[in-house]
Amino acid sequence: MEIKRILIAAAALILTCGCNGGKEEEDTRWKGMDAETRQKYFVNIFAYNMMSTYYLWNEEIKPQLGNWSVTEDPVAKVKALRYKDEMGREVDRWTQVTDDFEAFQGKVTGDTKSLGMDFTLFYSDSEKKYVVVVVNYTYPGSPAEEAGLRRGDKIVALNGELITPDNYKDLIQSTLLGGGNVTLTMADESEKTLTAREMYLDPVNSYRIIEKDGKRIAYLHFTGFTLKCCDRLVEVFKHFKREAVSELILDLRYNGGGYAFTAEVLASMIVPEKEINNSSVFQREIYNSILADAWGDTKSIFRTEFQLEEGEEKMTVSTAGANLNINKLYVIMTGGTASASESLVCGLMPYMDVTIVGQKSLGKYCGGFIVDGPTWYGWAKDDISTEQYETAVQDVRNWGIYVMVSRYADVYGNTPCMPDGFTPDLEVSDDPLDGFQLGDENETMLYTVLHGSAPAKTARRSGGKNLSALEEQMPRPSVMILPAIR
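Here's what I pulled together on the structure shown here.

### So, the nonpolar core
So, step 1. By size, the foremost hydrophobic cluster in this structure holds 102 residues, and its most contacted members are M51, F222, F237, F240, L266 and Y377.
So, step 2. No other element matches the nine residues that helix α2 (residues 35-53) contributes to this core.
So, step 3. Residues in contact with F222, not counting those within four places in the same chain, are P203, V204, C229, L233, L250, D251, L252, N255 and L266.

Structure representation (structure tokens):
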């Protein structure tokens, strides 16, 4: 599947303050604009063409598309355009324009400047005057792990400043997520100083074999569908296969998504082997009418050989000898489980006995393309003048868009996590304060998988305090990228 063919066809629809015209009627007003206005001009053209051509709900927002001006704030415009239901509730919460494309893309690829830890926010007192940061897990080899941070550790101050409901967003954004140095004050009043660094956050976080009732059960804590992790996933599943596991527990509680290509690779190692031999359908993509006419019935099948060639991304993966040939899958989910995580389960459900343990997942049942402005103008180069192309590429060099283009569905066209996420078969809340690390058989959610019910409540590491989680957490990346090849 080639994105460029559709974009070139759409490039004739160049937006000009509500009017469209091709190269023959080129709007030259940009030449007299100041730098800021000219940048808006080129970003709006780029965003308009992506939304009018690729957006899953392009027909539903067609009236608003006709009122798009090149002088608008493109970030606010795209956010305002996102599809809403009849009650005015946002159906699409993910399509967005960014002026920091490199940082946005890093959240998807796993290559980013980071301290290397994930966390949940709790009120630290019954009056809800203060906030505590509780570590969920750290990445191996990260500054957080090297500083000795572990799941359940509590951070009460950042750079000497107590965390409160009023300051936590700005404070955490500038320190824990700011990409620099930060001094953490722990609950025991000790201090740790960490320095963020450029690193790859390997989503194959931890794995092990669990012996129970004469069965060998594989456990994998997996945090994101990056492309780089495919080879490591194959290694892990070959290990599981050598250990003759009969069931798999896939821990996706903090997994906000990633590349559909990686979901296909992982699915091929989980599904019963006969479905690979039968070339059964893993997933279908439902597009808007423009893309449906251009691409037809788009589906992916279970297989052992995978090849990706999209832009600068070129890779081959073989899962031969890594399929577990099991019939039972347990999936641990929370509200942080989204997108590619949900699509994986969606595609496997028709072929396996799947039990979901935890909490309702996010319900991101659509996938998208992530495209930077210079690439789009490169595709549209033949439809604009050389001078306009060169100016546009310079003006949009840091801009990009993440646009929802499809709804994923299983072999029968069903999307069981639409619209509000998967409902768990066994309901239990994540508890990073239960005193156990991920993968420990006594950890609350894993215990529930193994025993069919949650463990009895015991005194937590917090000293017995019943901390309540903030309703609004700091957002995790939640995206599913669909490479233009299936």
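### Quick notes on a negative patch on the surface
So, step 1. Negative charge collects at one region of the surface, where D99, D100, E102 and E198 lie side by side.
So, step 2. Positionally, E102 belongs in helix α5 (residues 101-109).

### Brief notes about the packing of aromatic side chains
So, step 1. Tallied over the full model, the rule gives 21 aromatic pairs.
So, step 2. Arranged with centres 5.5 Å apart and planes meeting at 70 degrees, the rings of F237 and F240 form a pair that is edge-to-face. Of this pair, F237 and F240 both sit in helix α8 (residues 230-242), three residues apart, which is roughly one turn of the helix.
So, step 3. The buried category is assigned to F237, whose relative accessible area is 0%.
So, step 4. For F240, a relative accessible area of 0% puts it in the buried group.
So, step 5. One aromatic cluster in this structure is built from W30, Y41, F42, F46, W376 and Y377.
So, step 6. Positioned above the aromatic ring of Y330 is the side chain of K328, whose terminal nitrogen or guanidinium carbon lies 4.7 Å from the ring centre.
So, step 7. Cation over ring: K364 sits above W94, and NZ or CZ is 5.3 Å from the ring centre.

### Let's talk about the packing of helix α9 (residues 260-270) against helix α12 (residues 340-348)
Two numbers describe a pair of packed helices, the interaxial angle and the distance between the axes.
So, step 1. Across the interface, α9 lies against α12 with an axial gap of 10 Å and an inter-helix angle of 40 degrees. The way α9 lies across α12 gives a crossing that is right-handed. Residues A263, L266, A267 and I270 of α9 form the contact with α12, whose participating residues are A340, S343, L344 and L348.
So, step 2. Of the residues belonging to the contact of α9 with α12, the class tally is seven nonpolar, one polar and no charged.

### What to know about the pattern of salt bridges
So, step 1. Scanning the entire structure with this criterion turns up 20 salt bridges.
So, step 2. Between E72 and K77 there is a salt bridge, and its shortest N-O distance comes to 3.5 Å.
So, step 3. Judged by its relative accessible area of 24%, E72 falls in the partly exposed class.
So, step 4. One salt bridge connects K215 with E247, and the closest N-O pair in it is separated by 3.1 Å. Taken as a pair, K215 in strand β13 (residues 215-222) and E247 in strand β14 (residues 247-251) lie far apart in primary sequence, 32 residues in all.
So, step 5. The buried category is assigned to E247, whose relative accessible area is 11%.

Thresholds, definitions, all that
- Residues numbered from 1 in each chain as written.
- Predicted model: local features only at pLDDT ≥ 70, side-chain atom pairs only at ≥ 80, totals over all residues.
- Heavy atoms only, no water.
- Core = buried A, V, L, I, M, F, W, Y, C linked by side-chain atoms within 4.5 Å.
- Buried < 20%, exposed > 50% of the residue type's maximum accessible area, 1.4 Å probe, protein only.
- Helix = DSSP H or I, 4+ residues; strand = E, 2+ residues; numbered from the N terminus.
- Contact = heavy atoms within 4.5 Å.
- Patch = residues over 30% accessible without salt bridge, like charges linked within 9 Å, V, L, I, M, F, W, Y side chains within 5 Å.
- Areas by Shrake-Rupley, 256 points an atom, 1.4 Å probe, with all protein chains shown as cover.
- Salt bridge = Lys/Arg side-chain N within 4 Å of Asp/Glu carboxyl O.
- Lys, Arg positive; Asp, Glu negative; His and termini not counted.
- Charge placed at Lys NZ, Arg CZ, Asp CG, Glu CD.
- Phe/Tyr/Trp six-rings, centres within 6.5 Å; stacked < 30°, edge-to-face > 60°.
- Lys NZ or Arg CZ within 6 Å of the ring centre and 35° of its normal.
- Axes fitted to C-alpha atoms, helices over the stretch in contact; angles between N-to-C directions.
- Left-handed = near helix turned anticlockwise from the far one by under 90°.
- Nonpolar A, V, L, I, M, F, W, Y, C, P; charged D, E, K, R; others polar.

In short, shape yes, function no, at least from these values alone.
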